[in-house]
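# What the coordinates show
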Amino acid sequence: MTQCQGEHMPRAEWNWYLSPHNERLSRLGYVFKRSKKYDRGNPSALFVPVPVKPNPDDVNVGEEFTGRLKKQDLLKILNKFYQKSEVRLLASENGLDDHLLHQAFLSFRRHCLEHDLPPDLHIIISDVMQGAGHVDDLFPYFLRHARRAFPHLDCLDDLKKISDLRTPANWQDVSCDLVTGEERKHASAYNSLTNTIEEDESSTSNILEDIELTPSTHVACTVEMTSLNNNYEVAIIDEIQMIGDRGRGWAWTRAILGKVL
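Residues numbered from 1 in each chain as written. Predicted model: local features only at pLDDT ≥ 70, side-chain atom pairs only at ≥ 80, totals over all residues. Heavy atoms only, no water.

- As recorded in an unreviewed UniProt entry, the chain goes by ATP-dependent RNA helicase SUV3 homolog, mitochondrial and comes from Eumeta variegata.
- Check the Catalytic activity (unreviewed entry) section of the UniProt entry for the chain; it says "ATP + H2O = ADP + phosphate + H(+)". (UniProt positions renumbered as here; feature names shortened; annotations may be inferred.)

### Some words on unusual backbone geometry
- The backbone of E239 shows a phi angle near 55°, a positive value even though the residue is not glycine.
- You can see E239 is positioned in the loop between β3 (218-221) and α12 (249-259).
- Residue E239 is classed as partly exposed on the basis of its relative accessible area of 40%. (Helix = DSSP H or I, 4+ residues; strand = E, 2+ residues; numbered from the N terminus. Buried < 20%, exposed > 50% of the residue type's maximum accessible area, 1.4 Å probe, protein only.)

### Examining the pattern of salt bridges
- A complete count under the given rule lists seven salt bridges for this structure.
- A salt bridge links D98 to R88; the shortest N-O distance between them is 3.7 Å. With D98 in helix α6 (residues 98-114) and R88 in helix α5 (residues 85-93), this residue pair connects regions lying ten residues apart in the sequence.
- Since its relative accessible area comes to 46%, D98 is described here as partly exposed.
- A salt bridge links R144 to D120, with the shortest nitrogen-to-oxygen separation between them at 3.3 Å. Of this pair, R144 sits in helix α8 (residues 139-149) while D120 sits in helix α7 (residues 119-129), and the two are 24 residues apart along the sequence.
- Relative accessible area serves as the criterion here: at 38%, R144 is assigned to the partly exposed category. (Salt bridge = Lys/Arg side-chain N within 4 Å of Asp/Glu carboxyl O.)

### Notes on the environment of Y141
- By secondary structure assignment, the location of Y141 is in helix α8.
- Given a relative accessible area of 17%, Y141 falls into the buried group.
- Spatially, the C-alpha atom of Y141 lies 9.5 Å from that of I124, the residues being 17 residues apart in sequence.
- Excluding residues that lie within four positions of it along the chain, Y141 makes contacts with F108, D120, L121 and I124. (Contact = heavy atoms within 4.5 Å.)

### What to know about the side chain of S126
- As for its position among the elements, S126 is in helix α7.
- What makes S126 buried here is its relative accessible area of 3%.
- For S126, the contacting residues outside a window of four places in its chain are T66 and L69.

### A word on the environment of I77
- For I77, the position within the fold is in helix α4 (residues 71-82).
- We classify I77 as buried; its relative accessible area is 12%.
- Note: C-alpha distance between I77 and V135 (58 residues apart in sequence) is 7.0 Å.
- Those residues in contact with I77, other than ones at most four positions away along the chain, are V128, M129, V135 and L138.

### Regarding the side chain of T180
- Within the secondary structure, T180 sits in the loop between β1 (176-179) and β2 (184-185).
- With a relative accessible area of 14%, T180 lands in the buried category.
- Once you skip the residues sitting within four places of it in the chain, T180 turns out to touch T222 and M225.

### Some thoughts on the pairing of β1
- Covered by surrounding structure in β1 are D177 and V179 only, the residues C176 and L178 on the alternate face being uncovered.
- Pairing of β1 with β3 involves four bridges; the strand directions are parallel. In the sheet register, V179 faces β3, and the bridge partner there is C221.
- Alignment of β1 against β2, held across two bridges, turns out to be antiparallel. Considered in β2, the bridge of L178 is made with K185.
- Hairpin connection of β1 to β2: four residues between the antiparallel strands. (Pairing = 2+ DSSP bridges.)

### Thoughts on the packing of aromatic side chains
- All chains considered together, the criterion is met by four aromatic pairs.
- An angle of 20° between the planes, with centres 4.3 Å apart, marks the rings of Y82 and F105 as stacked. Separated by 23 residues along the polypeptide, Y82 in helix α4 and F105 in helix α6 bring together distant segments of the chain.
- According to the relative accessible area criterion, F105 is buried, its value standing at 0%.
- Ring plane angle 80° and centroid distance 5.5 Å describe the contact between F108 and F142, whose orientation is recorded as edge-to-face. One end of the pair, F108, is in helix α6; the other, F142, is in helix α8, with 34 residues separating them in the sequence. The residues F108 and F142 share a single accessibility class, namely buried.
- Of the aromatic side chains, those joined through ring pairs into one cluster are F81, F108, F139 and F142. (Phe/Tyr/Trp six-rings, centres within 6.5 Å; stacked < 30°, edge-to-face > 60°.)

Structure follows, in C-alpha cells:
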C-alpha cells in the first residue's frame, strides 16, 4: 500500500487511505495510489491506456507446461513486482513516469488475472513462485505490455522533438516562405541557390532565372497579405490588439473571420 504523507494530503484523504475497508483490501494484495486530483499539471495524465487484447493462441499453452497458477499467489507476485524500487527506475528510463507506471501496472495486472498468459510469461511467473526465478524477471514482459497499452512509448523521442516549439529557428527541413506587401521570398529559391553555389561556386550568373519556385508548407506574412484561399492546419495571428486600429484593424478582422470561423 502506498504510504501517505500527511503533510501533503487533506485529512479526508487520510481517512480514505487508512479506512478499515482499504486495509482489508491491502491485505488481499491490492495497491492503492493517490487520487487523480494530485496529478494536475502532469502531461502524462492525458494518456489513457489502450485495452490490450489477449492472443487467442495463448489459451492454456503455459498451463500445459507448468500447471495452473493460483490467482492469489499471482496477485502477490505482481504487487511485489510493482513495489520494487528497481522497477520504478527501469520504468522511468523507458518513458514511464509514476502516473504511466501505475496505469500500465493496473492494465498488466488485470490482463494477467483475467486472461490466459503468454507461455513465456506463464513459465517465468511459475519459476518465481517456485523460487527458481526473481520477481525482477517480469519487467521485460511488463514493458512489452506497457508499450501495447501506451503506443506512444515507441515513438517518445519523435513526440518530444515535434512538440518542442521553443527554438523554431533551429528546426531542420522546415521551409517557410516570407510574404509582405513589398517582397516575396521563397524558401525553395534559397535552397536551390545554396545547393547550386555549393556544387559550382563560379556559376552564379542567371541562377535565379533557372530556379523553379515551389510554395512551402509554412508561410510567414503580414496580416494584410494573409491568403484566405488556402487551408492550413494551424494559423497564428499575432498582435491581435491591432484589431482596434482604425487604419489596419480591418486586416485582423479579415484574417480572423477567414481563418478561424
